[in-house]
Each structure stands twice: as C-alpha cells, then as structure tokens.
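# Notes for the structure review
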Amino acid sequence: MTAESAANTAAAGPATEELYHTNLLRLQAKQLLSESILPLSSQTGFLDEEVKWTKDVQDYLEVVQKTICTIDAAVLSPDDVVMNKKGAACASTSSDGKGKNKHPKKQKEQQQTQQQRTCWIQLHSDKAKKHFEKKEDSADKNGDSNQQQQQQHKWQIHFPGGDYLQTSCINSYAANGAGLTTATANANVIPTLDLAVLLPAQSRNSSNDDEEEDASGVMIGGKDYLNGRYFDKRNIFAIHLAKYLSQKKQRKHIGSVHVVNELDGDYRKVSLILTPPIPDDGSSETKKNSTKKRKNCESTSNDDAQQDKKKKKDKKKKIRFRIRLVFGVQFDLSSRKKVDCNTGGWIPSARLFPNRCNNKIVQLPDQEGVANNNGTPNYNNALADDMHHLSSTQILSSVSSVALKVFTETWTLLKIWCLQRGFLRGHDTFSEKSLGLSLAYLYRSKLVSVRMDSIQVFTVWMKLMSDTDWMGDKEKLAKKKSTDVNKDNIRHSSSEAYQDLGISSTPGQVSRGGIVMPEINLNEQQTILNCVQNRLHASDVKKNANNDDGTTKPKTLLESFKMNTDSPIFLDPTMTVNYFANISPCFMREMQVEATKALKCIHFHGDSSISRIEPFRQLFLEQQRFWRRYDAYVKMDIKDIAFYSNTELKTNLKELEFWGDDAQDLGAYSAISRGIAKLLRMALGDRITALRLLTTGNGDTTNMLNASSTEFGTRTMVDSDEKVFVPIRSTSNSPYTGFDGSIVSPVTDGVCQVKTITVGLRINPDTCHRFVDRGPPADDLESSSAFVSLWGERKAQLRRFKDGAIIHAVVWNDVEHDLKNGRVQFEGGAKAGDIVERIVRHIFWKHFCKLDTEDLPCPQFALRNITSLVETVQKGSNGEKQVNSSEQAQKEIKSAFDSLVGFLRQNTEVSETPSGISVSKLGLPLRIDAVEALSPCLRYSELFPPAPHPLLGGENSSSTSKKVSGAIVGEPILIQIRFQGSSKWPQDMNAMGAAKCAMLMQLAEGIENMKSRGDAACSQFDGPMNVMPTYLDLGYKGYSFRIIVRADEEMKMLNSLRNPSQEALALKQILQKRHILSAGHHFTIHGVHTKHPSSPQVVRLIKRWLAAHMLSGLIPGEAVELLVASVYIDPAPLFTPTTVSCGFMRCLHLLFSHDWLREPLIVDPEGHIGPDQRSDILSSFERSRGPELKTGPPMFIISPNDLNEDGDNGSSSSSSCRPSFTVHHPERVVLGRICALARRSYDFLMSSSVRNLKSAQDHNSWRSIFQESSNSLKSYSILLRVDNELIYDTECASTGGDLTLSTKAEKIATPFQRSLEKRSLGPKSLRRKLYKNLASSDSGVIYSWNPVNEVVARLRSELGHLAVFFYNEYTPDVIGCLWRPDAFKGQSFSAMYSEYKRPIDNQWEENSLVITNASDVMRVIKSIVQDVVVDVKILDDRSIKSKSSDEGGTKDKNGSGKKGLSGSKRGRSKQDTSSDSDDDSSSDEDSD
C-alpha cells in the first residue's frame, strides 16, 4: 500500500477502510489467479484459452491408454514385487501366534534373508504372508529343485489382459481443468493429471469361490475385500504394469515410470507416476543420419548446423506435466443387486458399514500382532473409495460446468492457501480431490451461488471449516462449562488445575459435526433419506435391536460414522465413502485455527493492531509450513517404539489401553502417529494450544525436479511434497522387504524415508508453567482409573490439598539433570515449556518405549540447550549455592533500584528551617518528583546483569574465592532524576548545565553528610562517589548506579527558540534521545518483556550472536530490542513464540526476510499508532529513501516514541516520523552483513539442529553459529591482537569460546554461569584480597572499566570514515579493521578535508590530486591502541605495502607486509560453518 492510498483510506473512516481493503484483496487475488491457473481440460475447446501444449497432453494420454490395453494376460504372484531375485524365496518370521518364536535359529536365518530381499512395495494380506511362509517351508524340506511343489503353494493372481481394463481421466483434469495450477503455484511440483485404471470385478452372484479366480475376464472377486487381499492384488498388478510400461520398446513413447507407495495419504495403495519422454541430445537415429550425410557428401556444414540448432531447441524443452495412474475397480452393472448398487456387486453393502471388521491382519515389527473384532472404518472406506473414482469426478465436473470460472478460481486460491501452510498432499491432510469436493459441497448445498466471486466463496469455505464442530470439541467445552465437573470445588490457580481426560477423546461423540454431499436437485437431508446405504443400515439396526450388550448403538448411518472413527465426517451421496477419512484429528484442529485466522484477515479486524504484513500476503504469499509454525519440536525414533497392546505392561498392571488397537484399521505407522498425538493431547491439556505431527507436503518449495537429466528414469525423485518416487528400472535399496511388519515413515529427508516421528507443539505461555495436575474427584472411580493409567502409579499419587480434597495428582517440581544426553533444566525454563518437555518424555517412556531397551531414549526439544548461553542451571534438590539466574539477578537489581528510588524521594522532601530556608535532608532545594530507569538491566535486556560487589556494599557471590575485583567491568545502571517544577532554573543554556552539575554535587555531598551523621538510611551506600559534569556515579547495595538529571525547563528553552542554531538543534536531539526517547523506549520494552517471559532471553541471545560475529556496537541495543519486540507483538501470520529457541529463530528470519530497502518496520506494542500516523510514517520513509532507494537510514524502525520527538501534545507530523535509534547505525554494509549472517545461521540451525536430528550430538550443533572460524578472520584488512591481560572472560570468544556444559564437583555449569563468575572476578591485575576487618571504603573501585570498548569507540570516531571496526565486546581479544571501498581513491584537494592525505606521486587525474596517507592512518591507529594491542596483522596490502616493508615486517607469499604474532595465543580453530563471516563476500558488500 502506498502512502497516498493509506492516507486517503484513513481519512475515509472504518467502513470505507474495510471496503477498500476488500476490493484491494480482490484485485490482488485476480492478479495471482492470472499467473496461477493452468488452462487445461480433457474436453477440447471447452476453455476459452488453453495452454499451447494441450494437444501434447491429449496425445500422450491416448498413447498411454492404448499401451495399457495391449498388455497381455498373465499369472501374477507376490514374487513380482521383489526387486532382486535373491530375495524372492525369502519367508517371513514364523511364530506360534502368541508372539513366541518356534525356531530361534530358523528365525535368525530368515531375518538375514529378509534383509537381503528388497521390494518395490509392502504387502499386507494374509495370502501374501502364507505365500512366503509356505514357499520357504517347501524349500527347507525338499530343496530348491522341487519347483513343482513350490508352485502349488504360490498365491496366483490371474490377470485377464489389457482388453478387460477400463481407463478414464478423473479428478481435476476431467473436471474441465478445475484445480490445475502452474508449477509455481503448485509449490514447484509439476502439474499431475490423474488417469484411473479400473480392474475387472466379479459379482457375488456368478461365483462363491474365494480361493482362486478364473481367467474369464475378471480379476477381483470373492472375498478379496477381507484381510488386505484386494489391496495386494491391485498393487501387484500396478508393479506388473509399471514393468510393462518401462520396457525398452515402450520407453520411447511412455518415458519414465516411478512407483509411489501411497495414494492421497492411503499407504495401502500404490500409484504410478508417468513422466513424458524428453528428446535426447544424442539419439541413435540422429547419429545415423549425420553419419550417412558425412559419408555421402562433403558439404554437411549446413545440415550439422541445423542438427545443432534442433538439439539446442530440444534442450530447452521442459516437462510440463505428469500422469498419475490411479487404480480402482469396475462395477459389474449387469449382475449387481439393488442393495449392492454402491459396491459393484462383489462386496456386500453391509460390509462397508464403519462398525464392520474386514481386516484382522496386523503387521508389527518383531512381534505378532493381536487382532480384534473392532470396526475398520478406514479400511472399509479405502475399499469403497476405489469404486467411486468416476462418481467423485462426476460431482466435480457437474459443479465446474455450472460455475466454471469461479469454481476454478476458488479451488486455486484454496490450493495455494493450503500449500503455503503444508495442508495439502500430506498423509493426513487434504488431498486435491477432497479439497475440490469440499468446495463442490458449498454449491450443492446452496451455501454459495454462481453469482458470488472467488473471494466470497473462499470466505464461505473458511467459515464452513471454522464453524463446523468436526471433532466435537465445541460441544464438549460447552458441556464442561454448563456442568459442575469438579464436585470437590477445586480452586484453580496458576500452579495447579483440574485435568479432564475425556475432553481429548473423539470417537463416540455423536454430537460432533458431519456433512453429506447432496445429490443434484436435493438438499442434504433428502439425500440422506433417499440413500440406499442408510436404509440398509436402518434395517440392520432394527434387526439387531434385541441384542442389548450395554453399549450405546448408533441409530443412523451418520451416527455410526461419528462413533466409530476419529476422522472428520464428509460423506459422498451414497454414504459409503468418507472423503475426509485420511484426515487426522490434530490436522483438522490446526486447520480450523488457521481458517479462523483467515476470516479475521479477510475482514481486516482482530484483537491486535494492524499487522506489518498485509492480508493478501498473509493469506497467499507468506509460507507457514510445519518448520515455522511451532514453538518446540521433538523427535521420537520409530525403532524405540513398541505397540502398547503387545507389551507386558498392560497385563501386569491391568491398565487401560489408550492406543494401538486400531493398527489393523489404520496401519502400524498411522496407529503410532495418531496414538502419540492422542496421548500427548490428553497429557498436556491446556498447556499447549496446538499439536501437529510432521507430514508430507512440508518440504522445501525450492526443491524443483530436474527432469532433463538422462538418469531421470533410473534415479529416485523427491519434490517439495517430500514423497519418494522410486523408478521401476532402479535396483537401489528399498525400505520394504515384502511382508515383515517393518514400520516405514512416509516422511523423507529429501533423499529417503526417515526413521523418526516429529511432533510440533505450540505452547500456551499462560499455563505451561503449572506444576500440579489434579486428578478427578475421588468418587469418580472410572475417571480416576484412567488418570492413573495415563500417568502411572509412581507419578500419579494420592495427595491432600489445602481445600481438604484427597485425590490423585501429578507434580512436576522435581529437578532432572541428564548430562549424558545433554539434557539439563535451566532456571526459568518452566515459563518456556520445560514442564511440557518433561511431560512429553514421560508419556513416551510410559506408553511407547520398548521395555527391553538398555538405554532409555531421551526425546527432547530441538535447540533446547541454546538457553545455556543466557541462563544458569536450575538448582538441585540439595540446595547448593550457585550464581543467581539472570532473572533472579535482574530482580535483585530492580529491588535495589526501587529502594534507591524510595530513598531519593523520601529524603528530598523539602521542609522549611527556623530561618525560613527551604531545604531537604540531602540539602537539595527542589524535590525529586520522579526517578526513571534507562538501563537495559532494569528491563531484563542485559546479557550479563551486574552482580552485587562486596566493595559497594554487596555480599561476596563466590564462597570459595578470597579475592574480589577492583573494577566494575560492566556499564553502570543508568537512571535519571526529575526535579519538581520551579521558576528558579536559569534561563541560559550554559548556566543550566552548571545548575544540573551543582545538583549532582549537592546530592553526593548530602549522602556523605547523612552517612557521617550515622543515618541508617544511608547504610547501603558504599564505595566512591564520582561527580562528573553530566552524571554522578555511586555504589548502592552492591551495584554501581549512574545518575543523570533531566530538566524539562531545558527542553522548553530549546523548543522556544525561533531560529535555533545548528549547535542548538544538535543539543536538542541529544537531550531528546537521552532523556525523553530513552525513557519512553524503556517503558515500552519493559512492558513487552513483562508480558512475554521468553523475549528478554531472546534479546540477550541476539546480542551474544551479534558479538560472536564481532558486530558489537555496530547496531544499537535499542534496535535489537525493537526487533525482538516486533517478533512477539506482531507475529502474523504465525503465533506469538513461547520458547527461547523459537523466538531466536523468528528474529533471525525477520532480519533477513524483511525488505529493509522498501519497507519500514513499525513496532507498536500497545496499538498507539493509528492509520493516519502510519500513512505519515510511510510518507516519511519514501521521502528519506528517495526515488533511487539510496538514502535514509538503512534500518528504518519506528515505535510510538518516535512520533513525539518534539515533546508536544503528542501530535505527529511527517517530519517527526524518523527512527530515533537507527538513524546512523547500522550502516548499509553492516546491515547487509547482518542479514547474510542471519540467513546462513537460520538455514544451518534449521537443517542441522531442527529438521535432521539424528543423534544426541546434533542437539549441540547450534554452537557453530556462535563462533567464527579462523578462516573467516581473513576477510578483514587488519587484525589487532588485544593484550591477554585485559581479557577477563574467554567464554564468549568468537574463535575459541567454550560453549559446552561442564561439571565440577558434581555441579553443572553453563557457559553463561562461567562467564558470570569470571566477570565478577574481573581482570587479574585489578583483583584485591577481601578482609573482614577492612572497610570497603578504604579501597577505591573503578567504575565502568572497559578499556577496549573505549579504544574501539575512539577508532570509530576518528577513523570511521576510512574503515569499519569490528570486535566482540564480551571477549575483545581481536579487533578487525575493514577498509571502506573509497578509502584509498584519489580525491580533489580541500583544506577542510586534508587530514590523513598526501599528494599523488604520479598519474594525476582531474579532481584526483590527493590520496589517503596510509602511514598517517597507521600512525594514528598505533597511537590509539598502544596501551591495548600487542600484535598487528595486515591482510590487505592495497595501500600500505611499502610502509609495512619499511617497518621490518615479514612478507607472506603474496608480498603483504605483516607484523609477527609472537607470543599471541589463539583459541582452537573452528570448522567453517554457517556462522562464519562472509569471508571475501564481505569485502564485496563493502564495495557495493
């Protein structure tokens, strides 16, 4: 939005503003749609405009269909899915059916054989299992020679031939191209068109034989719907067809064939991906023709040129589309009964009821699965879905024919919205078909009309998803509020709360929402009444009405779906297919939250102020996939998980089963993943606001397939959907071994399937720190039993509470340290999710971990130990004395400040003496009205808060050391005092300064006089009092305070000047920043840090990260605080972070993703900046940038305090909208360096420490971003080595710091704790012995001892126009100097700017008479650093080559002069990682 349009909108009023934003959203969406929609349809000429390669698609589909029909009849078996012949005779593990192995030696041999066998797919049926077992037994008894006997035990599948197959285009391509998008709008996935291959089925009337099928034109029949037989048949045929299509004779027309072990989230089904052939650069035919031409004639140059031109043209061709073969079943229309009209006749319709069990095969690793008679709704739905490919396509086609343009546009917008959030094409998310059908439901149910535009329909869809109670959560919450669930009248507090486990269960909730796709010209209710399947279910219920087993039975088919599945309910018109069957409850809950956010974004209103990201960008352009959405991520290794129903835990303790009994319905992986989500949600309760498991469709959208490679048909493909496409011509390793029960994750790491389950948690900051979970009332035996079963008898114990209740409760106040696995608890961790992590670990150990595991796995949050850089370890139960935590230390500082404020205000109350003179106890003539904090440590932002110093009245924090520091190494605690108004202030500026100094002198003298009189109020003052012209340094309660005076009369005097001089204007800006802006900034940031407990630690972590890269002082600390505040108060489109690691990652992302060149960053925590003021800010920003975007502050950060620079009534003008703390710093080159480092650090953390955690060591790989390698120092022009005597803290060194957790005398110390201890001791040369009988006043203390900081400040002040100086303020062992690009360029002579210049010896040019004198510059540097630096190393000899040689320095291979680094001790070198500087690139940035 431009500044002019924003101003016009603001002046028009709220209603007009909302209308403006709605129309703007429509225009932006229209532009997006014009670039995203792919005009491609199966009907020629149906669309007004089509892509140029429409004919290529039609021709290729025709070739594929004809080729499929030419496949010959064959007899198939499970051996056809084996990749290697060696493993074809492998057998699965034999057992006695009770989980015990009959022959251990034989089992070991079979397992070794299975490891050699690799298959394209995994088989699931009982017949496949018997096939391998009987084949192995026959080979053991008779040898491999008896092939005839082995043949008898084979499961033979008769395929009648291609003539009996039916092929048809389905889904988007057949629905007039609705939903097809370009690759860019499709998350860089090549558009995929679906082609259904339907297998011939046998009606139940023609044959009742379920053992073998004849070859009379049918392939599916009998009881193939039982125990996974149908799925194995279709999948074996899919592999057979893939082999046929990839034959050499077909390859020229078909191209490449890949196998995908899933279909729209169903891992029982296999699909094939066909990639059209790409013309080869060196085809044999072309070679033959060119050879003949060279032999027959000599003039072949023109022909060769044409051939080369053709080759180049072929090279430019790209793959425009792919074909996905989807397999299903045909309907036997001639023999089906009316009651079986929905199943094609080969499945009894009643078998598809969700409460019917059609599968009793459970594949579990290393154990025999225990099947049950529970219903298999997902299995039944998978059967029904394969029979309704054409009917679903017909629904999409009919709706798209009525509302073609709007339907296509809305489907495209929904697709983009879902892809940006990772909500599409995952194993438990929307598929493209289910997304389109949900949109078609709006038209069929008359919720939208054809006259509505795409944005309106998009809004209605969001409202449908948001308002429908898919999981029954809204109904349960309403019941919970209306009924008294706690009969003991439990008092709720921040430390304890009642936990209701029933709130987390989904199945059995009849009251939850569900929808049915209406038939044409019928409403939803009429469709249900006319449904044959529904009437059949009603008759079945009536028949079994007398069988009362004490359980609640559903009255309707819709209720039966709700009670037997935990997935959301969206049924087709026949009520046999649930389109949302593969959608998990945790996904649907997260999707509803996002839909609610989208509605607020569309209507441009919400609880917070206007976001920095406009609605259109939030909805469609900002990527919010899994790895950015949550506060914490925890990984669980699949190999450590055992099914709960098969462990001895249940039988021994007689505990309830919470998961694992649905493996026969969902499959092993889905049962585990949904079980983890269910139990964690039950255990965590309101401690979290969202829980989500990593799914496919959340990969890097930049991962675009390179299909032009000649190895495309033989190598594995992985696109941004992170699905593995295995080439049928490949002989590479596969995770599948046929039938062994191995659990394979669908998620990949970009190469192959991972072996972990990743859980993302969004933590509730208001409740996550609660350490007591109270169980149900004592008289509720059933709920109490469930509570104990969830937590275990050791954890859930009977406790008596203050209200008299004796109930089971779980307490989380114990301290656990596990240094072996790098897991410790940090102070203040409870507010950042530490208890949540411990609950996750406890639930995993209790319900999922194998009992025979020697070393228990230790799941923990990613990047959890990064907190060790800013916090101490939590004190153990033995109560040993440690250094205070940062939070406790800053609270003590705040307490000392409040005490000082009370002293100053109380003892400056003016009273009249008998002689009539008004005076206070301190001798001040005016009362102190206010004392304002300005120091970062008073707003919790100081990385190392000062500790109480013994020589300033504090206690010795170190109980072992007898020495104390004679200097305060940190900055004093800055505060300012304001006196009461008086007309006696002088009217001259010089006199005003003298008066302020006199006030400070009188304050110091008054304190000394009170101490000499023995006043108890002054007993806390200790140490020297130093009065300077502008401030007073004193010691109070062990802390060093610096007091400055704010005189409002001084500001009024400056504001009253009509024609102020430049000096007056400069003084006004200095005073405004020092007194007004700094005070306002302090209260703003203090409010943010108080509201968000993890934000102060993020500020301190960012400061340490900047210092580690030697960027100290190049970006103001106030700018860092505003950056972090922006992450917390304006997190849109994400949620406010809770953990330190999440806030740190978000801040890094903001640094490199924000367009600093074209957009200001507005930080408005309390919503004080209105639309008119925002327009002023935008106008001011555009003017400061200029038309070429080369002027103005590089980092333009505005807060509400920047609007009141003039100190007037708060009105803002365009001239006042200018950043206060980033006007001059950071410079453009420094900002570019910071952004580059932030991007590299973010990518490194995301790849190594968040996404791809493989071992406990990976949890500590984050240390690399806080260290520089020795190679990165080569990017500087000059390196200055600081004297080691001045370095008192080596823990924070950029190249040799120790960032590990250490133990000494059984005490764990963090890097932060070690730094605090070293900083409290100070430099060795200034340490003093501490004696009990020595008064602290006898020994002076040096305030603010920072010699290196002062040297760097002087270098930047005097030579900042020639070079940029880098250093680490916390461990300043090296100072880096980088010459500016124009430092040694020729310039015209000017007497005003002749400092450090010399005439050019030769090659004079116009306006180039002088050049910077390197000798003078080096001489000045030497004079400034002579007492601090001991060694100099020159790396850039562009201009000081000769001088460095004259001074006797050595020369390296390149001839650059150096001074030796004798005696200098370097820290150990670090491997060059993402944390390194840009090396040579930093010099390139300077030259820009």
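Presented here is a report on the structure given in the accompanying data block. The model shown is predicted, which means the values in this text are computed figures rather than measured ones.

Parameters at a glance
- Residues numbered from 1 in each chain as written.
- Predicted model: local features only at pLDDT ≥ 70, side-chain atom pairs only at ≥ 80, totals over all residues.
- Heavy atoms only, no water.
- Pairing = 2+ DSSP bridges.
- Helix = DSSP H or I, 4+ residues; strand = E, 2+ residues; numbered from the N terminus.
- Axes fitted to C-alpha atoms, helices over the stretch in contact; angles between N-to-C directions.
- Contact = heavy atoms within 4.5 Å.
- Buried < 20%, exposed > 50% of the residue type's maximum accessible area, 1.4 Å probe, protein only.

## Some points on the sheet that holds strand S10 (residues 496-498)
- Spatially, four strands are ordered S10-S18-S20-S19 in an open sheet, and the strand pairing comes out mixed. Each end of this open sheet is capped by a strand with a single partner; those strands are S10 and strand S19 (797-800). Averaged over all pairs of adjacent strands, the angle between strand axes in this sheet comes to 40°, irrespective of strand direction.
- By the bridge criterion, four bridges tie S19 to strand S20 (residues 806-811) in an arrangement that is antiparallel. Note on S20: the bridge partner recorded for Leu798 is His808.
- Of the strands in this sheet, strand S18 (772-774) and S20 are in contact with helix H27 (residues 781-791), which crosses S20 at around 25°.

## With respect to the pairing of strand S13 (residues 632-637)
- Buried residues dominate S13, accounting for five of its six residues.
- For S13 and strand S17 (residues 756-763), the ladder comprises six bridges, and the chain directions are antiparallel. Its bridge partner being in S17, Tyr633 is matched across the sheet by Gly760.

## Observations concerning unusual backbone geometry
- Cis geometry is found at the peptide bond from Ala1132 to Pro1133, where omega equals 5°.
- Mapped onto the elements of the fold, Pro1133 is located in the loop between helix H34 (1117-1129) and helix H35 (1140-1153).
- With an omega dihedral of 0°, the bond running from His1225 to Pro1226 counts as a cis peptide bond.
- Note that Pro1226 resides in the loop between strand S30 (1197-1198) and helix H37 (1228-1251).
- At Asn171, a residue that is not glycine, the phi angle is positive and equals roughly 60°.
- Relative to the elements of secondary structure, Asn171 occurs in helix H7 (residues 171-174).
- Looking at Asn171, the relative accessible area reads 8%, which means it is buried.
- Positioned with a positive phi, Met1110 is a non-glycine residue whose angle comes to about 60°.
- Within the secondary structure layout, Met1110 lies in the loop between helix H33 (1095-1108) and H34.
- Note on Met1110: relative accessible area 3%, which makes it buried.

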